[in-house]
Amino acid sequence: MGYIAELVVVVPILALVWRFLGAYMTGVYEGRYRFLRWIESPIYRVLSVDPNSEQSWQRYAGSLIVFSAVALVVTYTIMRLQGHLPLNPQHLGGVTPALAWNTAVSFVTNTNWQNYAGESTMSYLSQMAALTVQQFVSASVGVAVAVALIRGLSRKDSKTIGNFWVDLVRGVFYILIPISFVSGIVFVAQGAVQTLSGPAKVHNSLNGVHQIIARGPVGFMEPIKELGTNGGGFFNANGAHPFENPTALTLLLSVILILAIPVALTYTFGQMVKSGRQGVALLATMTIIFGVWLGFTTYAETQPNPAVASAHVVSQRTGNMVGKEVRFGPRLTSLYNVASTQTSTGSVAGANDSFNPMGGFGLLTGMMLGEVSPGGVGSGLYTILLFAIITVFIGGLMVGRTPEYLGKKIQSREVKLAALGVLVMPITVLILTAVAVSVHGGQSAIGNKGPHGFTEILYAFTSQANNNGSAFAGLNGNSAFYNITGGLAMLVGRFAVMLPCLCLSGALADKGVVPAGPGTFRSDTPLFSGLLIGVILIVGGLTFFPAVSLGPIVEQLSHGKLF
Amino acid sequence: MILNLRRALVASVVFLVLCGLLYPLAGTGISQLFFARQANGSLTPYGSSLIGQVWTGPGWFHGRPDGSIITTGPGGVLVSGTNQPGPRSKALASQVAKTAQTLKREGVIPTNDLVTTSGSLLDPDISPRDAFAQMRALSAARSVPESQLRRLIDGQIHGKLLGFIGRQYVDVLSLNIALSRLK
């Protein structure tokens, strides 16, 4: 009952966000809003970019790749040099090369996988100027690719798909910074810290406890961590830490921020292709998958933890409390962690590793479906559009007719690109997991015995290849093996999906529009949404079922057995 | 290519200054101006009311057993949320049994929260039920009637958000400060 009550607050707010943020984003990316021209214009001038010029898909992709490469180098360099730079009150040394590589890739690709504990590794300057910056720009890059793909679908006989630099700048200044700044004030008012004064030394005369409490510029990093579906927290415990996520109010605000842009982009999509129903069909698909996974995972977490139960010392009527905060409990923790794994956020309000076997199954498989429900900022929309193209293709095969999507003929080239974009992630995950369980460097990092140890590895690569960044934290990922292979997984999972999307956008923009006929398979109906859900589940199931069987499913079926 | 490289470099500098320095510094300014207590860590003379502490012995309300596994980093700073045990971990089962033993020896009826560690390992709170479970032991140790302790706990309960969101909880530090002031 209580759970339904919490959703009663979240769902109407998200509905408003969908409608109004969605419409606002259309205006931003169509260049209708100009009120921040005083910031934009000087930036375009120093970049020597003409905001009215557009790029072919090749130039758009080229700009994106070069920008991301430079961002990678800058982020890496700041972390390596942090020992010699200011804003380092804890006098932390430079980050080691393998870890700096993994972390730089992680933040540039919007993954925010963290093989380090922030409070004992990163200087304030690294947290702000290296990591927070990438939380803004990697999110804006993600939305830019989604918008470019929508332009490809909505234009006809066009050689261009927009201007990368303009999309990048507008996303950051019109959308990400204003929402983050206002939300940051709420986080701090609720108890998140925001200071540059270094750790606080406390002594309690009542119990004789001495503590050195890490602090930092946290409160204003939180909103962009969530809004950009980044997920990289200031502290090791991420959203479970009281200084990051102090109250139930900040938890619900976080959930809304996480879901805001991915959900609202379906409205933007509907507006830009001039058919709101097309956006609703995608939103319905996302919502149904999300709802089922949320219900399943929450139910699992309100059940007793098997290891605690085996000790026979307490009743667990309140559910599995291992790795969870008293102020949140199993229900709110599940809501947050499901929202974070079904988008590409990956932040946590409680330890994923200590979720019950079926709770962990819910988090893991949510990512394995390709992060489309609703997925990361931008990445959720462009990935579900790839699935939509595969769906109309399968629909076309059934009736023996050349498929169309939004009036665009879907031919061999488009289907190949969509299939490539969809299959890159599972191939990367399965190959790297197979390598990791076969070599010493992979096995030695496992923190739990039995099937849970295998799940930790599978989860690590699923999370990184999906640019999610959440962890089954039992795995000790800060080793040369995991830093390097993980970095590879994140790069492939990001750019090997973005490039097919941009190529697809170019190919589609160049095409004419065929008017819908009686034989057209309509993509704005419940039938289409149903088929789309089927395709997403079948692709995910066929690729991952064997691997998942060896992990959480075996663990669930091992009744009465501890490892 | 060269033009793109130049643009990428300039853009990186622009974003570094605006998103990486100006944005957090402006946020820090506003926070310190209007919410200085929260922004500096909700500190009291006895510690932060948002950061859990280890309370031992029968004379105090105990929090969650996070202190048993939390570690410290360079300079002794507390490192939150270390690796957590899986749901079928033998180590977890024996840890829970051991914690329950210790509680029982002090006369506390073990509860779910009091035998399990949190996600942050800094959980400052317990549920009202966890506090009530410790009343009998405290009453004996401090020679205070249980009814007085019950009133003390009732006065410290943080309600649900809007009356129906989240859970009720008691912040252990504030509860123990109040306890220390009991006659």
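Residues numbered from 1 in each chain as written. Chains lettered and ligands numbered in written order. Predicted model: local features only at pLDDT ≥ 70, side-chain atom pairs only at ≥ 80, totals over all residues. Heavy atoms only, no water.

### A look at the domain arrangement of chain A
All names here are of chain A. For chain A, the domain assignment lists domain 1 (2-200 + 210-273) and domain 2 (379-557). A straight line from the C-alpha centre of domain 1 to that of domain 2 covers 23 Å. On the side of domain 2, 41 residues touch domain 1, which itself brings 41 residues to the contact. Counting each side, the surface lost to burial between domain 1 and domain 2 is near 3,500 Å², with a carbon and sulfur contribution of 71%. (Domains from an automatic or database assignment. Contact = heavy atoms within 4.5 Å. Buried area = accessible area lost by both parts, 1.4 Å probe.)

### Quick notes on unusual backbone geometry
All names here are of chain A. Following Ser373, the chain continues into Pro374 via a peptide bond in cis, with omega recorded as 0 degrees. A positive phi angle is found at His312, which is not glycine, with a value near 50 degrees. Mapped onto the elements of the fold, His312 is located in the loop between α11 (306-310) and α12 (329-342). Here the phi dihedral of Glu371 falls at roughly 60 degrees; this positive angle occurs in a residue that is not glycine. Inspection of the secondary structure assignment puts Glu371 in the loop between α13 (357-368) and α14 (379-399). The exposure class assigned to Glu371 is buried, which follows from its relative accessible area of 2%. (Helix = DSSP H or I, 4+ residues; strand = E, 2+ residues; numbered from the N terminus. Buried < 20%, exposed > 50% of the residue type's maximum accessible area, 1.4 Å probe, protein only.)

### Section: the sheet that holds strand β7 (residues 169-171) of chain B
The strands making up a sheet associate through backbone hydrogen bonding, with each pair oriented either parallel or antiparallel. All names here are of chain B. Judged by pairing direction, the sheet is antiparallel, and its three strands sit side by side in the order β5-β7-β6 without closing on themselves. In this open sheet, the two edge strands, each paired with only one partner strand, are β5 (125-126) and β6 (157-158). When β5 meets β7, the two strands line up antiparallel, connected through two bridges. Its bridge partner being in β7, Asp125 is matched across the sheet by Asp171. Each of β5 and β7 touches helix α8 (residues 172-180); the most contacted strand, β7, lies at about 65 degrees to it. (Pairing = 2+ DSSP bridges. Axes fitted to C-alpha atoms, helices over the stretch in contact; angles between N-to-C directions.)

### Observations regarding the layout of surface pockets
Considered as a void within the structure, the largest pocket measures approximately 740 Å³ in volume. What lines the largest pocket is a set of 37 residues, and nearest its centre among them are A:Gln114, A:Tyr116, A:Asn236, A:Ala473 and B:Asn83. Counting residues per element, the lining of the largest pocket draws most heavily on helix α5 (residues 118-121) of chain A, which supplies three residues. By residue class, the composition of the lining of the largest pocket is 13 nonpolar, 23 polar and one charged. (1 Å grid on protein atoms, 1.4 Å probe; cavity = no way out; pocket = protein on both sides within 12 Å on 5 of 7 lines; lining within 4 Å. Points joined across faces, edges and corners; volume = space filled by probe spheres on them. Nonpolar A, V, L, I, M, F, W, Y, C, P; charged D, E, K, R; others polar.)

### Digging into helix α7 (residues 164-190) of chain A
Residues and elements named next belong to chain A. Along its 27 residues, α7 runs 37 Å from first to last C-alpha, staying within 8% of the 39 Å computed at 1.5 Å per residue. The largest bend along α7 measures about 35 degrees and falls at Leu176, with the proline Pro178 one to four residues further on. For α7, a buried count of 20 out of 27 residues is recorded, marking the element as mostly surrounded by other parts of the structure. If you check the start of α7, you find a side-chain oxygen 3.0 Å away from the backbone N of Trp165, and it comes from Asn163. (Expected span 1.5 Å × (residues − 1). Bend = angle between axes of the 7 residues up to and from the residue. Polar contact = N/O pair within 3.5 Å; in protein donor to acceptor, adjacent residues only side chain to side chain.)

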